[in-house]
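An overview of the molecular structure
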Amino acid sequence: MLIHPWDAPRDDEEWQRWLAAHDFGQLAVNGPAGAPPFVQPLHFAYDPRRGEAVTHLARPNPLWPALEANPTVLLSVVDDYAYVPGPWQAAPDSPPEHGVPTSLYAAVQLTCTARIVDDPREKAELLNRQTGHFQPEGGSARAAAGEEPYGRLLSGIRGLRLAVTGVRAKFKYAGKRSEQVRDRIAVGLGERGGPRDAAAREHLLRRSGP
């Protein structure tokens, strides 16, 4: 992922705050020689204090042998994206049709060392951490090895602890464009009102400030 200086996060808090609200991504695992990577969509719970993300997958998942062979993985999250038509990006002294279309988006990529969790007690603890993240209001029984209702199901999954060893983050929101062009893009996003236009507009305006 290319990160220009104007697209880089201003500090760690910026990407951590964004990632705290985005807990679904894609886990990329190196495949066998000559084969493409395995890419697994999944929910995860990230804990910045531990520098760790946790998740779990079904035991029949085909990526386990690849993980065992090489535990270095990439957890990728992308959201708040929007297409910007060319005329919105045209320089003030250029015809609208000469503007260059582009994409706006936020992305965080966590390089991690994966550790597979098979111990039933540790898997139960991992599941309870995930459930606590996604269901802070409760409503589900706690998982415990050898106990109902989930104990007998633990053998059907394997847990994953992903220790974060590197972070690459990007907020591509017209950072190198003039104030006039950024204002035009913000107006266009507000008027279009697409599924992620409001979030993209918020990032653009936020990063245009001091």
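In what follows, the structure referred to is the one given above.
Residues numbered from 1 in each chain as written. Predicted model: local features only at pLDDT ≥ 70, side-chain atom pairs only at ≥ 80, totals over all residues. Heavy atoms only, no water.

**Side note on the packing of aromatic side chains**
This model, assessed by the stated rule, comprises 2 aromatic pairs. Arranged with centres 6.3 Å apart and planes meeting at 85°, the rings of Trp18 and Phe171 form a pair that is edge-to-face. Of the two residues, Trp18 sits in helix H1 (residues 12-20) while Phe171 sits in strand E7 (residues 157-172), which places them 153 residues apart along the sequence. An identical accessibility class is assigned to Trp18 and Phe171; each is buried. In this structure, Arg158 packs its charged tip against the face of Trp64, placed 4.9 Å from the ring centre. Here the basic side chain of Arg206 rests over the ring of Phe171, its NZ or CZ set 5.8 Å away from the ring centre. (Phe/Tyr/Trp six-rings, centres within 6.5 Å; stacked < 30°, edge-to-face > 60°. Helix = DSSP H or I, 4+ residues; strand = E, 2+ residues; numbered from the N terminus. Buried < 20%, exposed > 50% of the residue type's maximum accessible area, 1.4 Å probe, protein only. Lys NZ or Arg CZ within 6 Å of the ring centre and 35° of its normal.)

**Brief notes about the sheet that holds strand E3 (residues 45-47)**
Taken in spatial order, the 7 strands line up as E2-E1-E5-E6-E7-E4-E3 in an open sheet, and their pairing is antiparallel. Each edge of the open sheet is held by one strand with a lone partner, namely strand E2 (38-43) and E3. Put simply, the sheet's adjacent strands are angled 30° from each other on average, direction ignored. Across 7 bridges, the pairing between strand E4 (residues 52-58) and E7 is antiparallel. Bridging across to E7, Glu52 finds its partner in Ala163. The sheet contacts of H1 involve E3, strand E5 (72-84), strand E6 (102-117) and E7, and relative to E6 the element is tilted by about 80°. With respect to the sheet, helix H5 (residues 179-192) is in contact with E5 and E6, its orientation differing from that of E5 by roughly 85°. (Pairing = 2+ DSSP bridges. Axes fitted to C-alpha atoms, helices over the stretch in contact; angles between N-to-C directions. Contact = heavy atoms within 4.5 Å.)

**Focus: the side chain of Arg129**
Topologically, Arg129 is positioned in helix H4 (residues 120-134). For Arg129, a relative accessible area of 18% gives the class buried. There is a polar contact of 2.9 Å between the side chain of Arg129 and the side chain of Glu52. (Polar contact = N/O pair within 3.5 Å; in protein donor to acceptor, adjacent residues only side chain to side chain.)

**A look at unusual backbone geometry**
At the junction of Glu148 and Pro149, the peptide bond is cis and its omega measures out at 5° in the coordinates. Assignment of secondary structure puts Pro149 in the loop between H4 and E7. Even without a glycine there, the phi angle at Asp80 is positive, about 55°. Position of Asp80 among the secondary structure elements: in strand E5.

Keep in mind that these numbers describe shape and distance, not what the molecule does.
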